[in-house]
Amino acid sequence: MALQGPEELGEQVEEPEDLDDQDASSISPAEEITMPSGPGGDDEPEEALLLPWDRFSAWLHCICVVGFDLELGQAVEVSHNDPRHVIYPHHSKLSEKEKTSICYLSFPDSNSGCLGDTQFCFRFRQGSNRKSSLGVFLETTDRDAPPCLKVGLTGNTQLCIHLNPLREQGHYYGYVYFRQVRDKSLKRGYFQKSLVLISKLPYVTFFHSLLKIMAPEYFEKQEPCLEAACNDMDRWPTPHPGRILTLPIMGVVIKVRIPTSYDKPGTSQLVQSAQSDSQVSIVLPTIHEVDLFRCFYPVFFHIQMLWELVLLGEALVVMAPSPAESSDTVLALVRPSVILGVTNPFFAKTLQHWPHIIRIGDMKQAGEMAKQMKVKKLKNLKTLDSKPGVYTAYKPYLNRDEEIIKQLQKGVQQKRPSAAQNAILRRYFLELTQSFIIPLERYVASLMPLQKSISPWKSPPQLRAFISQDFMKTLEKAGPQLTSRLKGDWIGLYRNFLKSPNFDGWFRNRRREMTQKLEALHLEALCEEDLQQRVQMHSEVETVDLVLKLKDKLTQAEREQLPVRPGTVAKLRAHIDAVILALPEDLQGILHKPSTP
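Residues numbered from 1 in each chain as written. Predicted model: local features only at pLDDT ≥ 70, side-chain atom pairs only at ≥ 80, totals over all residues. Heavy atoms only, no water.

**Observations regarding the sheet that holds strand β12 (residues 356-359)**
The strands making up a sheet are joined through hydrogen bonds of the backbone, oriented either antiparallel or parallel. Reading across the sheet, the four strands line up as β11-β10-β12-β13 and stay open at both edges, with mixed pairing between neighbours. For this open sheet the edge positions go to β11 (339-342) and β13 (389-392), each flanked by a neighbour on one side alone. The sheet shows a mean angle of 15° between the axes of neighbouring strands, taken without regard to direction. Of the pairings in the sheet, the one linking strand β10 (residues 316-319) to β11 comprises four bridges and is parallel in character. The partner of Val317 across the bridge, within β11, is Leu340. Sheet strands in contact with helix α7 (residues 303-311) are β10, β12 and β13, and its direction is about 45° off that of β13. The strands that helix α8 (residues 323-333) touches are β10, β11 and β12; relative to β11, the one it contacts most, it runs at about 160°. (Pairing = 2+ DSSP bridges. Helix = DSSP H or I, 4+ residues; strand = E, 2+ residues; numbered from the N terminus. Axes fitted to C-alpha atoms, helices over the stretch in contact; angles between N-to-C directions. Contact = heavy atoms within 4.5 Å.)

**What about the packing of aromatic side chains?**
The tally for this structure, following the rule as stated, stands at 35 aromatic pairs. Relative to Phe300, the ring of Phe293 lies with its centre 5.9 Å away and its plane at 45°, an arrangement referred to as tilted. Note on Phe293: relative accessible area 7%, which makes it buried. Taken together through their ring pairs, the aromatic side chains of Trp307, Phe436, Tyr443, Phe466, Phe471, Trp490, Tyr494, Phe497, Phe503, Trp506 and Phe507 make up a single cluster. Looking at Lys200, its charged tip hangs above the ring of Tyr172, at a distance of 5.4 Å from the centre. (Phe/Tyr/Trp six-rings, centres within 6.5 Å; stacked < 30°, edge-to-face > 60°. Buried < 20%, exposed > 50% of the residue type's maximum accessible area, 1.4 Å probe, protein only. Lys NZ or Arg CZ within 6 Å of the ring centre and 35° of its normal.)

**Regarding α8**
When you tally the buried positions in α8, you get 10 out of 11 residues, the bulk of the element. Among the residues of α8, Pro323, Glu325, Ser326, Ser327, Asp328, Thr329, Val330, Leu331, Ala332 and Leu333 are the ones counted as buried.

**Focus on unusual backbone geometry**
Across residues other than glycine, the phi torsion is negative in most instances, and most of the peptide bonds are trans. Note that the residue after Tyr88, namely Pro89, is joined by a cis bond; omega there is -10°. Relative to the elements of secondary structure, Pro89 occurs in the loop between β3 (87-88) and α2 (96-105). In the Ramachandran plot, Gln222 falls in the positive-phi region, its phi being about 65° despite a non-glycine side chain. Using a relative accessible area of 30% as the deciding quantity, one classes Gln222 as partly exposed. Even without being a glycine, Met250 presents a positive backbone phi close to 55°. Secondary-structure assignment places Met250 in the loop between β7 (244-249) and β8 (252-257).

Encoded structure:
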């Protein structure tokens, strides 16, 4: 089992082949839907325009069951009374390549020895020709979601502040509930089956909680309960950031809140009320965060070095004794260029050429003190039975922060709750990353042209170029030493970061945001002009040209959702209407004369 990055292992490296059925180009039967423009109550009028299965598709692509066939190996199961595969809703489509990926990744390898119930997750490529009828919804969700939950971005991370938000719409998450129990009536001697939820949403904690409700019911009552669960989900409100949602499923009600990009880090705005929650069975304070301290506990002496590796986008392998521990640790790290999570001892030799390997031991010993461990050489990693630790030749740029180590150790001794340890660790990573990012943000802000240089009758000015040498010169007086107590080679760390894919992704995102800000300021400047007076000084041809350019600006503002002041777009539209009305009637018809009351 592996939770994989953009380049997948073995047979998953190749791009999935095109979908087998033309109907597979849409996730739901709907060709086009109207989605709400932003956060709001559950009963927004736009929600009434959703078609059957659109609400389900806003949360999941499909639900499928993977079993073990003695002749085929892992395979998507076929219904007993129906020749179709056990995929719900039945109209949902999966290509053969997608089915193969799901089958391989939804079973733990035979060496993990997972008896009983096990939960984990993985990620895989979707079909290259697959199109979503919910594209408008996904854009709305991404606009208000924090970087770690953006559906169309990679780079979500627990250790850093989302430095590599690259647009990537070609992957699904698979959330697995695997059951393996002895059964002498079966030739193999074991009952082995996985219930898998396929979704584009990275809501790990939420979907694992959902599976804890659905899977036991499915294993007892079989397929009818899956159909009932799908019908329940198709009545859910869509998952817009900022909403507090109550979601009924199979007689249980879950209360969640989708975070927004405006939330203060480390806080939860989901408050439980005894009066309003009388019908609520489960309240989830988070939909996506894993138990950070539990994941890093076996190697927490090296958390600062792991932060550096993630910051620089280095390729990592996580070796763990179980798929749950493997996938949770990968999620606790990040999705940089590549992170693999494995449990099979085969990979201990196969992946020795990888530059950085994290070996995780048994996480059940959380009450014991972790032992001080040195960084180990890769040649010492022979099998999965090797001692827990970090195997790498990497030398950290920064000195180890002994204070955070002592603080976490004290928490273990005093049996501090896991939630408190997680909060300490998240705050530490947040402050460390902010100290690193602030000098970059300050320099990038200096590349922005002055507002007085923006003329409504000229194209918006361009951002100045990012010059690495100029940035490095700013670090002497305005570097991370102003906000961080850590000593070390900060200059070397920045120099390496500027060469990494994480910097490229971060800067492209910042440049896009700043370019949009310039476009917004230019648009606002246009709205302050007296356009009717100006057109009186120009010919009809020049006026028509102005109208067409203004319409282009209006289209751009709406398409890119430029950060303009409230009322700016409406004001520009009114300007355009007024200019058109001043033209002869034949030209008004060509330019689409606006309706008059």
